[in-house]
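# Coordinate inspection notes
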Amino acid sequence: MPHAAAGGVGAVAPQDAAAAVAEQDPLVLAAAVVGLLAVLVALWWGIRRLRRTPGAEFVGHLAGRDEISVLMHPNPDPDAMASALAVGEFAEATGADAHLQYPGQIRHQENRAFETVLDLEFDRVENASDLLADDVVLVDHNEPRGFAGADSVDPVAVVDHHPGEGTGSAFTDVRPDHGSCASIFAEYLEQQGWEPVAPEDEADLGEDDDRVLPSDTATGLLYGIQSDTKQLTKGCSAAEFEASAYLYEGIDEDRLDRIANPQVDAEVLEVKARAINQRHVRNAFAVADVGEVSNADAIPQAADELSQLEGVTAVVVMGQKGDTLHLSGRSRDDRVHMGKTLRAVVDEIPMANAGGHARMGGGQLSVEHMEGLGPGDGLDREEFVDRLFDAMAGEI
């Protein structure tokens, strides 16, 4: 039986079918068109979102907010302070007021020099009620800590390079493979087309010049990178070198030198000397108990000094301020992940906390809890030193 030719009797052209449907029920055709458009719009937004850089996404979450609190970790270091400065630049560009805040104290001579040389004004937080805005952005840490009510704070955004489980309700960018948080913000700035400007050229800028990165912020970000990576020698990723190259044009060398070479507190030198003289060495590991200190920031500096000792690959320095025993560790030994080592040491001590990276770690614990207040039999100082050596040797 012969088949009907295309377009002949019994065949209906697609346009005729559509016309027939439209004649029968125009609303059906209209709904189909609207549905198709909705799918296309959703697809376009999905592709656009996938292509959106982290920097653009972060700035997008700042836009539309009247004010934010940029919260640094307790006793902020240059990396945290520089990161807060970068958020301040983005906030200003989006029309939001940024309050740069921190718990604890700025005590380390390097940190004080950073604050003074760059003429910075930060607000101190002792209680959650001291936060000056409801919308909080965490930089250089991913869980609020160090002040009363910290556990009640729900940050809208978190940008950090430390391991952790903390997240922001709207935005989270945690990169443990990076050596600094400042390098993440330098990437954001570069992605957004910000141009670092040398200090001698800033006077020529007009009010209409936007996306210009001031020299103070560029200098701060570079020093934040340097301080967290031992001058780009430890714990670096490619991001730190790329960020340094990007920031270079805006660096103020004089201010950079003044931050890097502050005067040293006499107690810091004394604590370093105590760490060297009172060290205990077993195999390639060293532990030093420097006793009572009034400046807890001297302890990590003593750990830095002791780690330079020939033949020593991992060190822990501990010192007591008040009832708190502070720990600071350094490792050049691939067998010793210092953050995990210190965490293991204090794991069974109530209310103690410790952690960090493979090369660097720290911790705090109550001396009373260490000696037996609460569950457990407790440890005296000598037993605690033994426990530190056992942990470095992988026996805990």
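See the structure above.
The present account deals with the structure reproduced in this document. (Residues numbered from 1 in each chain as written. Predicted model: local features only at pLDDT ≥ 70, side-chain atom pairs only at ≥ 80, totals over all residues. Heavy atoms only, no water.)

A word on unusual backbone geometry. Phi is positive for glutamine 231, which is not a glycine, with a value near 60°. With respect to the helices and strands, glutamine 231 occurs in the loop between helix 7 (215–228) and helix 8 (238–247). Residue class for glutamine 231 comes out partly exposed when judged on its relative accessible area of 45%. Located in the positive-phi region is methionine 351, a residue other than glycine, with phi close to 65°. With respect to the element layout, methionine 351 can be found in the loop between helix 12 (338–346) and strand 13 (353–356). (Helix = DSSP H or I, 4+ residues; strand = E, 2+ residues; numbered from the N terminus. Buried < 20%, exposed > 50% of the residue type's maximum accessible area, 1.4 Å probe, protein only.)

So, on to the pattern of salt bridges. Throughout the structure, instances matching the rule amount to 15 salt bridges. Arginine 335 is the salt-bridge partner of aspartate 333, the closest N and O atoms lying 2.6 Å from each other. Taking the relative accessible area as the measure of exposure, arginine 335 reaches 65% and is therefore exposed. Counted as one network, the salt bridges with shared partners bring together Asp173, Arg175 and Glu187. (Salt bridge = Lys/Arg side-chain N within 4 Å of Asp/Glu carboxyl O.)

Here we take up the pairing of strand 5 (residues 157–160). Of the two faces of strand 5, the one holding Ala157 and Val159 and the one holding Val158 and Asp160 are both buried throughout. Pairing between strand 4 (residues 136–139) and strand 5: three bridges, direction parallel. Paired with valine 137 across the two strands is alanine 157, which belongs to strand 5. Pairing geometry for strand 5 and strand 6 (residues 171–174), over four bridges, is parallel. When the sheet's bridge partners are listed, valine 158 is paired in strand 6 with threonine 172. (Pairing = 2+ DSSP bridges.)

The sheet built from six strands is open, its strands ordered 9-10-11-12-14-13 with mixed pairing. Because the sheet does not close on itself, it has two edges, and the strands there are strand 9 (279–282) and strand 13. On average, adjacent strands in this sheet sit at an angle of 15° to one another, irrespective of strand direction. As paired strands, strand 12 (residues 324–331) and strand 14 (residues 360–366) are joined by seven bridges and run antiparallel to one another. From the neighbouring strand, threonine 324 faces strand 14, where its bridge partner is serine 366. Packed onto the sheet, helix 14 (residues 381–392) meets strand 9, strand 10 (285–292), strand 11 (314–321), strand 12 and strand 14 and runs at close to 150° relative to strand 10. (Axes fitted to C-alpha atoms, helices over the stretch in contact; angles between N-to-C directions. Contact = heavy atoms within 4.5 Å.)

This next bit is on the sheet that holds strand 5. The pairing of strands in a sheet comes from backbone hydrogen bonds and takes either a parallel or an antiparallel form. Read from one edge to the other, the open sheet built from six strands follows the order 3-2-1-4-5-6, with strand pairing classed as parallel. The sheet is open, and its two edges are formed by strand 3 (123–125) and strand 6, each paired on a single side. Between one strand and the next, the sheet's axes are offset by a mean angle of 25°, whatever the strand orientation. One ladder, built from three bridges, connects strand 2 (residues 97–103) with strand 3; its direction is parallel. Looking at the pairing, tyrosine 102 lines up with arginine 124 of strand 3. Relative to the sheet, helix 3 (residues 54–62) contacts strand 1 (67–71), strand 4, strand 5 and strand 6, its axis offset from that of strand 6 by approximately 145°. Packing against the sheet, helix 6 (residues 182–191) makes contact with strand 4, strand 5 and strand 6, and its axis sits at approximately 115° to strand 5.

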